[in-house]
Amino acid sequence: MISLLQVLILGLLLGGVYALMASGLTLLFGVMRIVNLAHAALILVAAYITLLLFDRFGLDPILSALVTMPVMFGLGVGLYLLLFPRIEGSHRYVEMTVLLTFGVALIVEGLLAFIFTGIFRQARPGYVMDAFRFPIGDSQLFVPTGQLYAMAVSLTLLAGLWVFLQLTRTGRAIRATTQNRAAAQIVGINVRRISALAFGVGLALAGASGSLVSFIFPFFPSKHWQWIALMLALIVLGGMGSIKGAVLGALILAVAAAFVSDTFGATWSPIAFYLALFLILLVRPQGFFGAKMRL
Amino acid sequence: MSDLPIVENPVEAETVPEEPQPASGRTARRVAVIVILTLVLLFPLIARSVFPSYNYVMQLGIVLLMWIAMSSSWNIIGGFAGYISLGHAVFYAIGGYVSGMILIHWGLSPFLTAPLAGLAAVAFGVVAGLITLRTRGPAFIISTIALLFLTLLFLDNWEFVGGTDGVNLPLASFPVEWLKAPFYYAMALGAIGSVYLSHRVAHSKFGLGLRAISQDETKAEVAGINTRAYKVTAFALSAFFIGSVGAIWGYTLTYLRPVAFLAIAIAARMVLMAIIGGRGTVAGPVVGAVLIFAVDEFAVRQFGETSLNIVVVGVLLLVVLLFFPLGVVGSLRNSGRLPAFLDWD
Amino acid sequence: MALLEVKEVVAGYGAGPDILTGVSVTIEEGTSYCIVGPNGAGKSTLLRAIAGILEPRSGEIVFQGSKVNGLRPDQMLAAGVCFVPQDPSLFPTMTVRENLAMGAYLVPDRQLIRQRLDLVFEAFPALADRQSQNAGTLSGGEQQMVALGRSLMIEPKVLMIDEPSLGLAPMVADLIFERIRGFGALGITVVLVEQNAVKGLESSDWGIVLDLGSKEFEGPADGILADPRIRELYLGKQLARKEHLL
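Residues numbered from 1 in each chain as written. Chains lettered and ligands numbered in written order. Predicted model: local features only at pLDDT ≥ 70, side-chain atom pairs only at ≥ 80, totals over all residues.

What should I look at first to understand the overall build of chain C in this one?
Secondary structure assignment for chain C yields 11 helices and 10 strands. Against the globule reference of 18 Å for 246 residues, chain C gives a C-alpha radius of gyration of 18 Å, in line with a compact fold. Expressed along its principal axes, the backbone C-alpha trace of chain C runs to roughly 50 × 45 × 35 Å. The long-range share in chain C, meaning contacts at least 24 apart out of those at least 6 apart in sequence, stands at 66%. (Helix = DSSP H or I, 4+ residues; strand = E, 2+ residues; numbered from the N terminus. Rg over C-alpha atoms; globule rule 2.2 N^0.38 Å. Contact = placed C-beta atoms within 7 Å.)

If you want it as structure tokens, here you go:
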């Protein structure tokens, strides 16, 4: 019983961070129909920035989100304007976005490997090794402090995202563009500007994710392929483009992965994601929560 | 499976009447093909007398021919049918592992079992295709990425094939001075075979169907094409030579290790080559393979063996997609400047 | 000075052929217009070109004396030219009220937005009852009402409506046309495109006949309806069918 509860807790903690990682990815797809294969690679960029700030200046990884978010926002706006207006209206637009961002992922990975080499890195602030322990009977539940903080920050940011999308004028414009691009244009939304902004917001979320990930997982430049595969699995589960779905998908899959890991060993844990992805694509190509996946 | 009427040998299905071509163009192409084939076949002899670093040059030849085989094969599903798979490295791994394990357990040379490895890849392709091809567009791409990682996970955890560490293969027992030649010719066979297959597909009714699917799948369906059977067939067909060269490649490496076959960079490379050269054309993947190979070599020479070469490849991909989305061959053809010796369709 | 002038506009989609082959139209303030013509005549394309959704290949569009071709749709809307496309183009998972409010996206004054919302609910009482329902769950007629209501939120000078009666039951269509006729009183110049030529012309002052991408004829709407020659050439089948049904 206790051990099941323990596994559930660990799964939920990770799920909270996966949710933040995937929220940006699903936002980009929702608003602009961009499948950003470079998303995890850009999360890595933020993770390396966080690591540098921590190693050089001792800046706390969580606080460095204040740096990585604006930096990635700017990078996102620039990247959008550089790449995507050119392919608007092209035949097989969504596939084009996959290939373009694939190229971006290669470039980012190569640069990271060149600068930081391929070795494993991890930011190690004091709280990484700590845990809250709750004795129950003979055994105890433990909650790793770092992951708890990461989960808390992640949920706060997701709540902030929700408020931004629901209550601000720009947020409403982003939602409108997600729901019907043509209609958004008709009511006077400059969809290209909103798309660039949304791309920036999506990457700012990637920036914050990178700061959190920097002390949760060891990482190296080609690590992002594993992450993007997981993130794609969970946004497909949640219905591509739906942020609510991405959060639910993240929590469900992270818990499932934690149980797989507990039963079959840690090396098997990603199988939960891939099998879920295949199962969903087979049964309901539109995902579980989202509306129709528009291709 | 039952709803899938297997297209018997689709390549041999009724061929499409060829457009009349100027005789001079056809001659130029014939000459070009004969010259290229001769060069490929005589390359080991030429290399021996010209380059001091014979083994190194031969290794380059082996690698280039392997990539030609892979990108040409990928082009059947990715180019003709327009279904972009980022998971084709799976077939490469299956080929390598099937032949490698046979070599270890029964001592049969991969040179003999490579076609078998190819068939194993085809069989796997049928099954994987039946699942992944239920989706279209980006969902298909995502499912092929998942396929790759799922396979990687299994190989990493399968003790019989050595898990993450893999297994070592016995060395080939050829005279040292000609050690590379058999590998070279085996890869050449793979490359020539896959280009020939691609050519046959391009000129068949089957190939026409694939192009229709790539243009507008719904219309193709309405026109009476069994799109599912076509797609699965193309997917499986594209696996054959990739599996075969995977078998040979494992033998040259003298070991099997999951990451040596299943890196997404490997899957990526076939895609890049085909796109840069020109998706959906016969010559495109070959041109792309040569180009990327040259850029790679150049990058390695310039910057040393660094990760900057994948940056160069990434930049190249962006430039081609944004400015020449049809690739080298496609763009040249569209502007009517494709030299006859590159017009293999 | 004319409110809106379209001069020799040529336009088409992507690399495709010209759909508009040099069309010239003049829109005067306070007159309501109906553009009719056979399928493929370029009626919708003309509206899209004026709205800034499709950039003309050549020619000029002049609004209130200044050249506006090349402006983005949001800039055209800000200038006072509003477009209601064929499919109502709503935001399906936003409520009716939110959809209407989105129509005033370019209006910064919240007070004003609230006032205009009240006006819209007055004009379409059916919508008032469904304010908090998601737009995606409405019937076709109600969706068309939301689309029209949404266009009122910006108080445009020119309102271009593409096929408002498409797919609607005759009674609902009648109601929609009645409302559109009322827009003139609000100081809005209506430009209508209608397949249902009779209904469209009956609701308008001036008719413009488009065929093969250019203007074939224009004149008072009742005159066009009465002219047997035009009826036969351009509206023939439709009117015949219409009369048959009647």
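How should the overall build of chain B be read in this particular structure?
Regarding its fold elements, chain B presents 14 helices and 2 strands. If one aligns the C-alpha atoms of chain B with their principal axes, the spans along those axes are about 55 × 50 × 35 Å. Going through the 345 residues of chain B one by one, you find that 50% of them count as buried. Across chain B, the fraction of contacts at a sequence separation of at least 24, relative to all contacts at a separation of at least 6, is 78%. (Buried ≥ 20, exposed ≤ 12 C-beta atoms within 10 Å, placed from the backbone.)

When you look at helix H13 (residues 308–323) of chain B in this model, what are you seeing that I'm missing?
Owing to its 3.6 residues per turn, the α-helix brings residues three or four apart onto one side. Spanning 16 residues, H13(B) covers 22 Å between terminal C-alpha atoms, matching the ideal 22 Å at 1.5 Å per step. At its buried positions, H13(B) is contacted by helix H4 (93–116) of chain A together with helix H11 (264–277), helix H12 (284–303) and helix H14 (327–334) of chain B. (Expected span 1.5 Å × (residues − 1).)

Teacher, can you tell me more about the interface of chain C and chain A here?
Much of the literature gives interface size as the accessible area that the parts lose upon coming together. Facing 19 residues of chain C, the contacting portion of chain A comprises 13 residues. When contributions to the side of chain C that touches chain A are tallied by element, the ones reaching two or more residues are helix H2 (73–79) and helix H3 (96–103) of chain C. Counting residues per element, the side of chain C that touches chain A draws most heavily on H2(C), at 4 residues. Broken down by class, the residue content of the side of chain C that touches chain A amounts to 13 nonpolar, 3 polar and 3 charged. (Nonpolar A, V, L, I, M, F, W, Y, C, P; charged D, E, K, R; others polar.)

I'm lost on the interface of chain B and chain A in this one. Help?
Taken together, the contact between chain B and chain A spans 33 residues of the former and 35 residues of the latter. Counting residues per element, the ones that place at least two in the side of chain B that touches chain A are helix H5 (137–157), H11 and H13 of chain B. By residue number, the principal contributor to the side of chain B that touches chain A is H5(B), which donates 13 residues. In terms of residue class, the side of chain B that touches chain A is made up of 23 nonpolar, 7 polar and 3 charged.

Any chance you could explain the sheet that holds strand S3 (residues 33–36) of chain C here in plain terms?
The pairing of strands in a sheet comes from backbone hydrogen bonds and takes either a parallel or an antiparallel form. Residues and elements named next belong to chain C. Spatial ordering of the open sheet is given by S6-S7-S8-S3-S9-S10, a layout of 6 strands whose pairing is mixed. Strands with a single pairing partner mark the edges of an open sheet, and in this sheet they are strand S6 (81–84) and strand S10 (214–220). Here the strands of the sheet are splayed against their neighbours by 20 degrees on average, with no regard to which way each runs. Bridge count between strand S9 (residues 206–211) and S10: 6 bridges; the pairing is antiparallel. Note on S10: the bridge partner recorded for Trp206 is Pro220. Along the sheet, helix H1 (residues 43–51) contacts S3, S6, strand S7 (158–162), strand S8 (189–193) and S9; its crossing angle with S7, the most-contacted strand, is approximately 145 degrees. (Pairing = 2+ DSSP bridges. Axes fitted to C-alpha atoms, helices over the stretch in contact; angles between N-to-C directions.)

Just checking my understanding: could you explain the nonpolar core for this structure?
Ranked by internal contacts, the top residues of the largest apolar core, which has 296 residues, are A:Ala233, A:Leu234 and B:Met187. With 16 residues, the single largest contributor to this core is helix H8 (residues 191–216) of chain A. (Core = buried A, V, L, I, M, F, W, Y, C linked by C-beta atoms within 7 Å.)

What exactly am I supposed to notice about the confidence of the model for chain C here?
Parts of the prediction with low pLDDT should not have their coordinates interpreted in detail. Residues and elements named next belong to chain C. On average, residues of chain C score 88 in pLDDT, and 95% of them are at 70 or above. Ranking the elements of chain C by mean pLDDT puts helix H11 (residues 236–245) last, at 50, and S7 first, at 95. Scored below 50 in pLDDT, residues 240–246 makes 1 contact in the model with residues more than four places away or belonging to other chains. With pTM at 0.84, the complex prediction returns an ipTM value of 0.88. (pLDDT = per-residue confidence, 0-100.)

What's the story with the packing of helix H2 (residues 54–80) of chain B against helix H6 (residues 180–202) of chain B in this structure? I'm lost.
Geometry of a packed helix pair, given as the angle between the helix axes and the separation of the axes. Residue and element names in this part refer to chain B. Orientation of H2 relative to H6, taken along the N-to-C sense of each, is 20 degrees, at an axis distance of 8 Å. Our classification of the angle between H2 and H6 gives roughly parallel. In the packing of H2 onto H6, the handedness of the crossing is left-handed. When its residues are assigned to classes, the contact of H2 with H6 shows 15 nonpolar, 9 polar and 1 charged. (Parallel < 35°, antiparallel > 145°, perpendicular 65-115°, else oblique. Left-handed = near helix turned anticlockwise from the far one by under 90°.)

In this structure, what is going on with the packing of helix H4 (residues 110–132) of chain B against helix H9 (residues 227–253) of chain B? I would like to understand it.
Residue and element names in this part refer to chain B. Where H4 meets H9, the closest approach of the two axes is 6 Å, and the angle between their N-to-C directions is 145 degrees. Seen along the crossing, H4 lies across H9 with a hand that is right-handed. For the contact of H4 with H9, the per-class residue count stands at 20 nonpolar, 8 polar and 1 charged.

Would you mind going over the environment of A:Thr267 with me for this structure?
With respect to the helices, strands and loops of the structure, A:Thr267 is situated in the loop between helix H10 (243–264) and helix H11 (271–283). Residues A:Thr267 and A:Val45, 222 residues apart in the sequence, show an inter-C-alpha distance of 25 Å. Look past the residues within four positions of A:Thr267 in its chain and what remains in contact with it is B:Asp156 and B:Asn157.

For this particular structure, what's the right way to read helix H2 (residues 39–57) of chain A?
Residue and element names in this part refer to chain A. Between its terminal C-alpha atoms H2 stretches 27 Å, which fits the 27 Å expected from 19 residues at 1.5 Å a residue. Counting buried positions along H2 gives 14 out of 19 residues, so the element sits mostly inside the fold. Within two residues after H2, Gly58 carries a phi angle of roughly 70 degrees, on the positive side.

Explanation requested: the sheet that holds strand S2 (residues 20–27) of chain C in the structure shown.
In space, the 4 strands of this open sheet follow the order S2-S1-S4-S5 (chain C), with antiparallel pairing throughout. Both edges of this open sheet fall to S2 and strand S5 (66–67) of chain C, since each of them pairs with a single strand only.

Explain the arrangement of the chains here, please?
Most contacts, compared over the 2 pairs of chains touching, are made between chains A and B. For the non-touching pair chain B and chain C, the nearest C-alpha separation works out to 14 Å.

For this particular structure, what's the right way to read the pairing of S3(C)?
A regular strand places its side chains on the two faces of the sheet in alternate fashion. Residues and elements named next belong to chain C. Residues of S3 alternate between two faces, with Tyr33 and Ile35 on one and Cys34 and Val36 on the opposite face, all of them buried. Note that S3 and S8 share 3 bridges and pair parallel. Counterpart to Ile35 in the pairing with S8 is Val193. Where S3 lies against S9, 4 bridges are found, and the strand directions are parallel. Opposite Ile35, over in S9, you have Ile208 as the bridge partner.

For this particular structure, what's the right way to read the confidence of the model for chain B?
On average, residues of chain B score 86 in pLDDT, and 92% of them reach the 70 mark or higher. The low-confidence segment residues 1–20 of chain B, where pLDDT is below 50, has 27 contacts with residues more than four positions distant or belonging to other chains.

Is there a simple way to think about unusual backbone geometry in this case?
Backbone geometry follows two general trends: most residues other than glycine have a negative phi, and most peptide bonds adopt the trans configuration. Residue and element names in this part refer to chain C. If you check the backbone angles, Glu163 has positive phi at about 50 degrees while not being a glycine. Relative to the helices and strands, Glu163 is located in the loop between S7 and helix H7 (170–183). Despite not being glycine, Leu212 shows a phi value in the positive range, around 50 degrees. Tracing the backbone through its elements, the reader meets Leu212 in the loop between S9 and S10. For Leu212, a count of 14 C-beta atoms within 10 Å corresponds to the partly exposed category.

How should I be thinking about the environment of A:Pro85 in this particular structure?
Structurally, A:Pro85 is set in the loop between helix H3 (65–83) and H4. Along the sequence, A:Pro85 and A:Ser195 sit 110 residues apart, while their C-alpha atoms lie 9.7 Å from each other.

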